[in-house]
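One-letter residues, chain by chain:
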Amino acid sequence: MSKLKELSSKEKKYLAAILISAFLIKILLAFTIEPDIRSDSLVYHSLAQNIVTLSEYSFEGKSTAIIACGYPLFLSGIYYVFGAEQLYVKLIQSFLEIFTGLLFFFICRFFFNVKYSLIALLIFTFLPSNLLYSQTILTEPLFGFLCCIILYYCLREKFSKSIFFIGIVWGYAILIRSSFALSAILIPVFLFIYRRQLFEGFKRKRLKRVFQYSLLFIFGLILVIAPWLVRNKITMDTFTIATQGGFTFWSGSNPNATGTWYHKIEETNPLFDIDNEVKRDREFYKLGLEYGANNPHKFLITGIKKLGYLFSSERMIVLYFTKGDDKVKTSTEVYRSVNPAILLLINVPYFMIMLLGTWGLLMFKKKTFFLYGFILTWMLTIFMFVAIPRYHYVLIPFFVLGTVNLIRECKHIFRELSVIRILLAISFILFLIAVWAFELHLFLTK
C-alpha cells in the first residue's frame, strides 16, 4: 500500500482504469464462454470434487498423489462455498488477477518510472492469452499470482523481514506446480553471492547469516509442503510431492520422445498398466535415466525440442476453448479449423513480446539475478522433463518487462549490449523463429 501512496491522483486513476477494464472483460468472458472440462482440467475438477464430497484426495476411486494438491485444494474451496460450477472459478480467478496485475505493476517499479510501468501493465494485462487463462480450470492464474508475489519480494531484497514468508509462498507455489521446485535453489545462492551487500553490518558473520536466512526460507517452504508429504507417506508409502514425475521424465527421455506428449503415448509402454502409481513412478524414472545415460546425444537433442515446445505458439489456450465435433482429430487438425483471425489476434502479440522482450531482458543492468534465474531454472526443468506450450505462461511477465525496457532504451540498444549478449539475443530469436516457422509448416500441411 505504501507504493500506492507514492502515486499521484492521475497515476492512480490510470492504474485503476487498466485493472478494472481488464477485470470487466474477464467477467464478460466468464458469462459468455464455457469450454468443456477435459484433459488436465478434468483431473483438477475431479480431485476437487472428491475433496468436497468424499473428504479424500482420490481419482477414479483410488487415493492418489498423481499431481500436487495445491490447485485442487484451491478449487475445492470454491466448490465448497459456491458449488462445482466453472463460472465461480472463472469469476474468482478474474478477481485474483487484479492483484496479480497490481503486483506486476509494483515489480515494474523496480526498473521503470510510473509511465513505463503503466505501459508494461497495460501490455501484460491485455495480452489476449492472459485474458483467456483466467477463464480456465488450470493452474496458471493461481500459479502466476504466487509467482508475482515471490518475484516482488525477491526483487525488494529486504529478506530480514520477509524470508520466512517468501518460503511459505514458495512452498505453496510448488504444491501447485511441482516443476517449480528447482527454482528454490535461487534464494540460498543469491544470499551467498550477495552476502556483502545484504549483510553489510555483519562482516565476520556473513556466512552465518546466509545459513540462518537460508534455513528460515527452507523452514517456511517445508512447513507448507510437509503435511502433503506426510499424507503421501501414510497413504502412498512415499514422501513425494507428485507421482507424475516419473512418466513425465520418461515421456521426454525415451526412443520415441518428441519433446511433448505424443499420440497414444500410454499405449507405448506396459508400465502405464501398473496399478501402483508409486512403483510406476519409480520404474519410469529408472527407464528414463537409463535411456539418457546411454543416449546423451539424443537426450540433448530432445531437450532442445522440449524448449521449442515451451516457446511455441499459444495453441494450447486456443485449443482449450475450441469445442470438438465428436470426430477423432489430432490437435493440429483442430487448431487448423479455428478462424485465422482469432489465431492472429492471440498469437501475434505473444510473438512480438517474445522477440522484443529478448533484447530488452538482456539490456537490464540491475536486479538481474532473479530475472535470469527464474527463466533459466524453469527452462532447465522443462529441458529435463517434458514441455507443452502453456508452460511458458509463467515467463510472460519477464518478457513483458524486457519489451518495455527495449521501448525505453531502443536508441541505445547496441551501445548498451556487449557482443556476447547481441549474439545471444540473435541466437535465441532465430531459435524462436525456427520453432514458429515449423509450426506454421505443420499448420499449412494437410
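Note: the structure precedes this text.
Residues numbered from 1 in each chain as written. Predicted model: local features only at pLDDT ≥ 70, side-chain atom pairs only at ≥ 80, totals over all residues. Heavy atoms only, no water.

Asks: Could you give an account of the overall build of the chain, naming the residues involved and the relevant values?
Replies: Helix and strand content of the chain: 22 helices and two strands. Structurally, the chain occupies a C-alpha span of about 55 × 55 × 50 Å along its principal axes. In the chain, which comprises 446 residues, the share counted as buried stands at 53%. Expressed as a percentage of contacts within the chain between residues at least 6 apart in sequence, the contacts between residues at least 24 apart total 77%. Accessible surface, the chain: about 21800 Å² in total, of which carbon and sulfur atoms supply 65%. Separation of charge centres in the chain, based on 47 positive and 28 negative side chains, amounts to 14 Å. (Helix = DSSP H or I, 4+ residues; strand = E, 2+ residues; numbered from the N terminus. Buried < 20%, exposed > 50% of the residue type's maximum accessible area, 1.4 Å probe, protein only. Contact = heavy atoms within 4.5 Å. Areas by Shrake-Rupley, 256 points an atom, 1.4 Å probe, with all protein chains shown as cover. Lys, Arg positive; Asp, Glu negative; His and termini not counted. Charge placed at Lys NZ, Arg CZ, Asp CG, Glu CD.)

Asks: Quick one: what's the story with the nonpolar core, residue by residue and with numbers?
Replies: Residues Trp170, Phe180, Leu310, Phe311, Phe370 and Phe374 are the most contacted members of the largest nonpolar core, which totals 132 residues. In terms of residues, this core owes the most to one element, helix H8 (residues 140-156), which gives twelve residues. Setting aside residues up to four positions removed in sequence, Phe370 forms contacts with Leu151, Cys154, Leu155, Phe159, Leu186, Ile187, Phe190 and Phe398. One finds Leu362, Leu406, Ile413 and Ile429 within the second-largest nonpolar core, a separate group that totals nine residues. (Core = buried A, V, L, I, M, F, W, Y, C linked by side-chain atoms within 4.5 Å.)

Asks: Just give me the short version of the packing of helix H18 (residues 340-363) against helix H20 (residues 396-409), but keep the residues and values in it.
Replies: Put simply, H18 and H20 touch, their axes get as near as 6 Å, and they point 70° apart. Relative to H20, the element H18 lies roughly perpendicular. By crossing handedness, the relation of H18 to H20 is classed as left-handed. Across the interface between the two elements, Tyr350, Ile353, Met354, Leu356, Gly357, Thr358, Trp359, Gly360, Leu361 and Met363 of H18 pack against Ile396, Phe398, Phe399, Val400, Gly402, Thr403, Asn405, Leu406 and Glu409 of H20. For the contact of H18 with H20, the per-class residue count stands at twelve nonpolar, six polar and one charged. (Axes fitted to C-alpha atoms, helices over the stretch in contact; angles between N-to-C directions. Parallel < 35°, antiparallel > 145°, perpendicular 65-115°, else oblique. Left-handed = near helix turned anticlockwise from the far one by under 90°. Nonpolar A, V, L, I, M, F, W, Y, C, P; charged D, E, K, R; others polar.)

Asks: So what's going on with the packing of aromatic side chains? Which residues, and what values?
Replies: Across all of its chains, the model carries 51 aromatic pairs by this definition. Residues Phe247 and Phe284 carry aromatic rings whose centres are separated by 6.4 Å and whose planes lie at 70° to one another, so their mutual orientation is edge-to-face. Taken as a pair, Phe247 in helix H13 (residues 245-251) and Phe284 in helix H14 (residues 277-294) lie far apart in primary sequence, 37 residues in all. Centroid distance Tyr335 to Phe443: 5.8 Å. Interplanar angle 80°. Geometry classified as edge-to-face. Residue Tyr335 is found in helix H17 (residues 331-336), and its partner Phe443 is found in helix H22 (residues 419-444); the two are separated by 108 residues along the sequence. This pair shows no difference in class: Tyr335 is buried, exactly as Phe443 is. Members of the aromatic cluster, connected to one another through ring pairs, are Phe143, Phe159, Trp170, Phe180, Phe190, Tyr194, Phe217, Phe369, Phe370, Phe374, Trp378 and Phe398. Across from the ring centre of Tyr116, 5.4 Å away, lies the NZ or CZ of Lys115, which sits over that ring. A cation sits over an aromatic face here: Arg177 above Phe143, 5.7 Å from the ring centre. (Phe/Tyr/Trp six-rings, centres within 6.5 Å; stacked < 30°, edge-to-face > 60°. Lys NZ or Arg CZ within 6 Å of the ring centre and 35° of its normal.)

Asks: Just give me the short version of unusual backbone geometry, but keep the residues and values in it.
Replies: Although it is not a glycine, Ser55 adopts a positive phi angle of roughly 55°. For Ser55, the location among the structural elements is in the loop between helix H3 (39-54) and strand S1 (58-59). With relative accessibility at 65%, the residue Ser55 sits in the exposed group. Unlike most non-glycine residues, Asp237 shows phi in positive territory, near 65°. As for its position among the elements, Asp237 is in the loop between helix H12 (206-236) and H13.

Asks: I'd love a proper account of the pattern of salt bridges, names of residues and values included.
Replies: Counted according to the given criterion, the structure contains nine salt bridges. Asp36 is paired through a salt bridge with Arg38; the nearest N and O atoms lie 3.8 Å apart. Its salt-bridge partner being Arg177, residue Glu140 comes within 3.4 Å of it at the nearest N-O pair. Of the two residues, Glu140 sits in helix H8 while Arg177 sits in the loop between helix H9 (159-176) and helix H10 (186-193), which places them 37 residues apart along the sequence. When salt bridges with common partners are traced through the structure, they connect Asp40, Glu140, Arg177 and Arg390 into a single cluster. (Salt bridge = Lys/Arg side-chain N within 4 Å of Asp/Glu carboxyl O.)

Asks: Just give me the short version of the environment of Ile119, but keep the residues and values in it.
Replies: Among the secondary structure elements, Ile119 is positioned in helix H6 (residues 114-126). On the basis of relative accessible area, Ile119 is assigned to the partly exposed category, the value being 29%. Along the backbone, Ile119 and Leu271 are 152 residues apart, and their C-alpha atoms lie at a distance of 50 Å.

Asks: Kindly report on the state of the cysteines, identifying the contributing residues and their values.
Replies: Inspection of every chain in the model, using the stated rule, returns zero disulfides. In this structure Cys69 is not part of a disulfide, and its nearest cysteine sulfur, from Cys147, lies 16 Å away. (Disulfide = S-S within 2.5 Å.)

Asks: Which residues make up the environment of Asn295, and what values do they have?
Replies: Relative to the elements of secondary structure, Asn295 occurs in the loop between H14 and helix H15 (296-310). Spatially, the C-alpha atom of Asn295 lies 26 Å from that of Leu432, the residues being 137 residues apart in sequence.

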